[in-house]
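The primary structure of each chain is shown beneath.
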Amino acid sequence: MDNSNAADNKLAPTKQLTDEQSRLVEQIKQFAIDHLNDDTHAVFTIYGDAGTGKSVILSKLFYDIQQMAHEKSSPLYQTNNYFLVNHPEILKVYKKMAGNQDNVLKKNFNRPTSFINQNDKNHQDVDITIIDEAHLLLSRGDHYNNFYYDNQLSEIIKRSQITILVFDHRQVLRTKSFWNLERLHHIIDPYTNGEYHLTHQFRMTASDSLVKWINTFTDGKLTPLPDDAKKDYDFRIFDNAEEMRKAIFARNKEVGLSRIVSTSGYPSTLDGGKHYVTEPDFKMPWDQYNYTQTPWAEIPETVNEVGSMFTCQGFDLNYVGVILGPPIYLDGDDVHVEMSKFTDVESLKKRKDMDNPVEFEKIKEQLVLNSANVLLKRGVKGLYIFVHNQDLRQRLLDDYKKL
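An account of the accompanying structure is given in this report. Just so it is clear, the structure is predicted and the values come from calculations on it, not from any experiment. Sequence order as written defines the numbering, with residues in each chain counted from 1. Reporting in this predicted model follows two pLDDT cut-offs: at least 70 for local features of residues, and 80 or more for side-chain atom pairs to be given and counted; totals over whole chains, interfaces and linings ignore these cut-offs and use all residues. For side-chain calculations, the full set of non-hydrogen atoms in the structure is used, while hydrogens and water are omitted.

Let's talk about the pairing of strand E15 (residues 334-337)
Whether a residue is buried, partly exposed or exposed follows from its accessible area with a 1.4 Å probe, protein chains only, as a fraction of its type maximum: under 20%, in between, or over 50%, in that order. Secondary structure counts use DSSP, requiring at least four H or I residues in a row for a helix and at least two E residues in a row for a strand, with both numbered from the N terminus. Side-chain alternation along E15 places Val335 and Val337 on a buried face and Asp334 and His336 on a face that remains uncovered. Strands qualify as paired when DSSP identifies two bridges or more between them. Summarising the sheet, strand E14 (residues 328-331) and E15 pair through four bridges and their orientation is antiparallel. Bridge assignment links tyrosine 329 to a residue of E15, and that residue is histidine 336. Here E14 folds back onto E15, and the loop between the two strands holds two residues, one of which, glycine 332, carries a positive phi near 70°.

Spelled out as structure tokens, the structure:
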């Protein structure tokens, strides 16, 4: 595989940052130095949509902090620092990088639950903790995953003098890790706070107006496609999922790292031990559990699978073909989710602390649309879309023909 497509290459701390990104890294390092010896905990939050460069900033920041921790003249000398991420596929990338960087060890990277449970056992002081994808942190206990507290972010802050996190409310995908800005601020506001909002889209070469169209769509409103949807970006709407698959296979042959992905909504009938996504003329298996240390999208054979939000979140693809499954439909100009057709029930389990059934239904609908947002923003060079719902597909096709 072309190494320029590798996720660890894109996140490497040696990657050239923009002036804004470099200034932010310096700002956060100074925030850590300023509050390292405070009597209270301090929290710095980076806000930004998918593709705004959050992870590459954290990678460089952690590398710098670890170098300073080994410099006798540095205010951060001998600090004990950790980098946490709840996404197993992304954790693989960071651990792979750690082996190649001075003073950045594999043991510095961990899952939040492991970090909290190890800290309980060792009672070790932690100076700085960086959390990538903080919107994936558990916001309730999950005994299945050995987390016995109420909220992972609260517990990480309690165990760290400085906590630095990135947050995107549109990438919240499960009820057990349900977050919104109000819930976030309820946790972090009692502490010393710093924040920064990233707005520039780095992943997609798409126009700002197409990115805005995606956000509006997954916020529940269908608006006309922007006139510049295809400007410097390969944007297409397909009437047939198999035709989209052929186009993605062609792109994968040309430049690699091109995959079909889908939202939930395809019943899991086992066929030869695999679950399939099926549409007229189209049949492909869902992604299989990835036991390797290589991220799913970087395994050549996965071009023959349909990726999900669990294998793609946080990763770049060169081209992405997105199937918007049966639950997503159109009513007038409103985009809705028919929950009876949603098949990933594990993601949307009931919570005792969400006892208003009307509110809970709204939350579940938004989480499904969030998963669509995550998938629609994977493609660096192009985005292809096929919609199961005929009304919505026709509206998009009619609109697309006008471009």
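There's plenty left to go through after this.
Description of the packing of helix H2 (residues 19-35) against helix H3 (residues 54-68)
Here H2 crosses H3 at 45°, and the two axes come no closer than 10 Å. As far as their axial angle goes, H3 and H2 are oblique. The way H2 lies across H3 gives a crossing that is right-handed. For the pair H2 and H3, contact is made by Gln21, Leu24, Val25, Glu26, Ile28, Lys29 and Ile33 and by Val56, Ile57, Lys60, Leu61, Asp64, Ile65 and Met68, respectively. Three categories are distinguished: nonpolar for Ala, Val, Leu, Ile, Met, Phe, Trp, Tyr, Cys and Pro, charged for Asp, Glu, Lys and Arg, and polar for the others, with Gly belonging to the last. Tallied by class, the residues present in the contact of H2 with H3 amount to nine nonpolar, one polar and four charged. For helices, the fitted axis covers only the stretch in contact; all axes are lines through C-alpha atoms, and the angles between them, taken along N-to-C directions, range from 0 to 180 degrees. In these notes the angle categories are as follows: under 35 degrees is roughly parallel, over 145 is roughly antiparallel, 65 to 115 is roughly perpendicular, and the rest is oblique. What makes a crossing left-handed is the near helix being turned counterclockwise from the far one by less than a right angle; a clockwise turn instead makes it right-handed. Whether two residues are in contact is decided by their heavy atoms: any pair within 4.5 Å suffices.

Considering the packing of aromatic side chains
Two aromatic rings are characterised by how far apart their centres lie and by the angle between their planes. Pairing of aromatic side chains here covers Phe, Tyr and the six-membered ring of Trp, requires ring centres within 6.5 Å, and sorts the geometry by plane angle: under 30 degrees stacked, over 60 edge-to-face, intermediate tilted. Taken as a whole and assessed by the stated rule, the structure comprises 16 aromatic pairs. Measuring from centroid to centroid gives 5.4 Å for phenylalanine 62 and phenylalanine 109, while their planes differ by 70°, and the two rings are edge-to-face. Remark: phenylalanine 109 occurs in strand E3 (residues 109-110) and phenylalanine 62 occurs in helix H3; sequence separation between them is 47 residues. You'll find phenylalanine 62 and phenylalanine 109 in the same group, each marked buried. Taken together, the ring pairs connect Phe62, Phe83, Tyr94 and Phe109 into an aromatic cluster. Against the face of tyrosine 149 rests arginine 159, its NZ or CZ located 5.1 Å from the ring centre. Working rule: Lys NZ or Arg CZ, within 6 Å of ring centre, within 35 degrees of ring normal, means a charge sits over the ring. A cation over an aromatic ring shows up here: lysine 283 above the ring of tyrosine 276, its NZ or CZ 4.6 Å from the ring centre.

Quick look at helix H8 (residues 208-218)
The set of residues buried in H8 consists of Leu210, Val211, Trp213, Ile214, Asn215, Phe217 and Thr218. Contact partners of the buried residues in H8: strand E7 (234-238), strand E13 (317-324), E15, helix H11 (357-376), strand E16 (379-387) and helix H12 (390-401). At the exit of H8 stands glycine 220, carrying a positive phi of roughly 105°.

Quick notes on the environment of lysine 362
Tracing the backbone shows lysine 362 in helix H11. Residues lysine 362 and histidine 336, 26 residues apart in the sequence, show an inter-C-alpha distance of 10.0 Å.

Some remarks on the environment of phenylalanine 83
Residue placement: phenylalanine 83 occurs in strand E2 (residues 81-85). Here the alpha-carbon distance between phenylalanine 83 and arginine 378, two residues 295 residues apart in the chain, equals 24 Å. Not counting residues up to four positions away in its chain, the partners in contact with phenylalanine 83 are Leu58, Ser59, Phe62, Tyr94, Asn108, Phe109, Asn110, Ile130 and Asp132.

Points about the pattern of salt bridges
Here, a salt bridge means any side-chain nitrogen of Lys or Arg that lies within 4 Å of a carboxyl oxygen of Asp or Glu. Summed over the entire model, instances satisfying the criterion amount to 24 salt bridges. Ionic pairing is found between glutamate 359 and lysine 362, a salt bridge with its closest N-O pair at 3.8 Å. Of the two residues, glutamate 359 and lysine 362 are both situated in helix H11; the distance of three residues between them amounts to about one turn of the helix. Assessed through its relative accessible area of 52%, lysine 362 is described here as exposed. Each of Glu26, Lys29, Lys60 and Asp64 takes part in a single network of salt bridges with overlapping partners.

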